[in-house]
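Examining the three-dimensional arrangement
What follows is the residue order along each chain.
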Amino acid sequence: MDGPELLTLYEQMAVIRRTEKAAHDLFMSGLVKGTTHLAAGHEAIAVGASAALRPDDYVFATYRGHHHALARGATPEECLAELMSRATGLCKAKGGSMHLTKASMNMLGSYAIVGAHLPMAVGAAWSARLRGTGQLAVAFFGDGATNIGAFHEALNLAAVWKLPVLFVCENNLYMEYTPIADVTAVARPAADRAPAYGIPGETVDGNDVVAVREAVAGLARRARAGDGPAVLEAETYRHFGHSRADPAAYRPAEEVERWLKHDPLDLARGRLVEMGVPEATVTAADERARDVVQKAVEAAKSAPSPDPGEALTDVWADGGAAWRT
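Bear in mind that the values here come from a model prediction, so they are computed numbers and not experimental data.

A short note on the nonpolar core
Ranked by size, the top nonpolar core spans 61 residues in total, and within it Leu80, Leu166, Val209 and Val216 carry the most contacts. Residue contributions to this core peak at 11 residues, all from helix α1 (residues 3-28). Those residues in contact with valine 216 that lie beyond four places of it in its chain are Ala49, Ala52, Leu53, Leu166 and Leu232. If you look at the next biggest cluster of nonpolar residues, it comprises 24 residues, including Ala121, Ala154, Val165 and Phe167.

Below you can see the structure in the form of structure tokens.
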């Protein structure tokens, strides 16, 4: 990866980080309804993986999915407007934080039910196989989902059919408030389970955007060549609690400090300096990210509320529910 390419990925991560900070601030000021599950600290996984995928590949995310929506083409304004229940939101105020979806970019949703989207990704991969498109399906999920039945069902069927699907675990050490290690028999909850289904299981530093891109690119080539699915466990850490209602007091202070020193943006910035990219160039990327998000916040704040008359549109394929009667 050369300097200009890494700088582009760095700027993407900076936009995501600032969007997450804006979401936090808007929530605290009462402008975001419901709850939010921030992905600050996870940026390198979404950005690195997206850089290795084709535009027509399918992406499925969890309720902690802001970073994936943004990495696949959603704008900060669309996302923040959705969180603020505005008509200009990504889902026209019908999804909120936990259901960001950009179907036009094949980002096929964020799912609040833990593990529910893994079989959906298998179905999308099966569709791609039937149509011979060469597309890949990628399911991103948290470490807690590895103890859900759908995880094992999805891996098994994907392996049986040798489907072009990648299962990427964002292991941030905590299922919700419980350490994953306390309730899991293996050290690597995702990667160590993969061999049971006869598929590769790899780990990667989920805070290193270059390492993530390389790992996903390799597994993507393998899947497109017909060699079937794989599991990638990306080790990372969330900067906030599980949700905005969680102060995360259960996490040891020294653990938090250690991981904050391994920040995805700091790692990328350091690598850029090592590659000879001028500090001023990196700072300019930060400033562009700041300006984009500031404008997005103001636009989302001034956007209109949704029309109640459109509540039943976009729910069923024909735009209504008449077929039910």
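Overview of unusual backbone geometry
Positive phi outside glycine occurs at asparagine 106, with the angle close to 65°. By secondary structure assignment, the location of asparagine 106 is in the loop between α4 (76-83) and β2 (107-111). Phi is positive for alanine 248, which is not a glycine, with a value near 60°. Along the polypeptide, alanine 248 turns up in the loop between β6 (230-235) and α8 (253-260).

Describing the packing of helix α9 (residues 264-274) against helix α10 (residues 279-302)
Look at α9 against α10: their axes get within 9 Å of each other, and the N-to-C directions meet at 145°. The crossing of α9 and α10 is right-handed. For the pair α9 and α10, contact is made by Arg269, Leu272 and Val273 and by Glu279, Val282, Thr283 and Asp286, respectively. Along the lines of polarity and charge, the residues of the contact of α9 with α10 split into three nonpolar, one polar and three charged.

What to know about the state of the cysteines
Applying the stated criterion to the full structure yields zero disulfides. With no disulfide of its own, cysteine 79 has cysteine 91 as its nearest cysteine by sulfur position, at a separation of 8.9 Å. Judged by relative accessible area, which is 3%, cysteine 79 ranks as buried. Look at cysteine 91 and you get buried, because its relative accessible area is 18%.

Remarks on the sheet that holds strand β3 (residues 137-142)
A sheet is described by the order of its strands in space; here six strands give the open sequence β2-β1-β3-β4-β6-β5, paired in parallel fashion. The outermost strands of the open sheet, each flanked by one partner alone, are β2 and β5 (201-205). Taken pair by pair, the neighbouring strands of this sheet meet at an average axis angle of 20°, ignoring direction. In this sheet, strand β4 (residues 165-171) lies alongside β3 in parallel orientation, the contact comprising six bridges. Pairing of phenylalanine 140 across the sheet is with valine 168, part of β4. In this fold helix α6 (residues 149-161) packs onto β3, β4 and β6, with an angle of close to 150° to the strand it touches most, β4. Helix α7 (residues 209-227) rests against β4, β5 and β6 of the sheet, and its axis sits at about 155° to β5.

A short note on the side chain of asparagine 207
Here asparagine 207 lies in the loop between β5 and α7. Among the polar contacts listed, one links the side chain of asparagine 207 to the side chain of threonine 236, at a separation of 2.7 Å. Those residues within four positions of asparagine 207 in sequence are excluded, and the remaining contacts are Gly41, Ala44, Glu235, Thr236, Tyr237, Trp259, His262, Pro264 and Leu267.

Focus on the side chain of glutamine 135
As for its position among the elements, glutamine 135 is in the loop between α5 (117-131) and β3. For glutamine 135, a relative accessible area of 7% gives the class buried. Within the structure, glutamine 135 has its side chain in polar contact with the backbone oxygen of aspartate 56 (distance 2.7 Å). If near-sequence neighbours (up to four positions away) are discounted, glutamine 135 is found in contact with Arg54, Asp56, Asp57, Tyr58, Asn106, Ala128, Pro164 and Arg224.

Quick look at the pattern of salt bridges
This structure, assessed with the given rule, holds 14 salt bridges. We note a salt bridge from glutamate 43 to arginine 17, for which the minimum N-O separation is 2.5 Å. Of this pair, glutamate 43 sits in helix α2 (residues 43-52) while arginine 17 sits in helix α1, and the two are 26 residues apart along the sequence. With respect to class, glutamate 43 is no different from arginine 17; both count as buried. Close ionic contact of aspartate 208 with arginine 271 constitutes a salt bridge, the shortest N to O distance being 2.7 Å. One end of the pair, aspartate 208, is in the loop between β5 and α7; the other, arginine 271, is in helix α9, with 63 residues separating them in the sequence.

Calculation criteria
- Residues numbered from 1 in each chain as written.
- Predicted model: local features only at pLDDT ≥ 70, side-chain atom pairs only at ≥ 80, totals over all residues.
- Heavy atoms only, no water.
- Core = buried A, V, L, I, M, F, W, Y, C linked by side-chain atoms within 4.5 Å.
- Buried < 20%, exposed > 50% of the residue type's maximum accessible area, 1.4 Å probe, protein only.
- Helix = DSSP H or I, 4+ residues; strand = E, 2+ residues; numbered from the N terminus.
- Contact = heavy atoms within 4.5 Å.
- Axes fitted to C-alpha atoms, helices over the stretch in contact; angles between N-to-C directions.
- Left-handed = near helix turned anticlockwise from the far one by under 90°.
- Nonpolar A, V, L, I, M, F, W, Y, C, P; charged D, E, K, R; others polar.
- Disulfide = S-S within 2.5 Å.
- Pairing = 2+ DSSP bridges.
- Polar contact = N/O pair within 3.5 Å; in protein donor to acceptor, adjacent residues only side chain to side chain.
- Salt bridge = Lys/Arg side-chain N within 4 Å of Asp/Glu carboxyl O.

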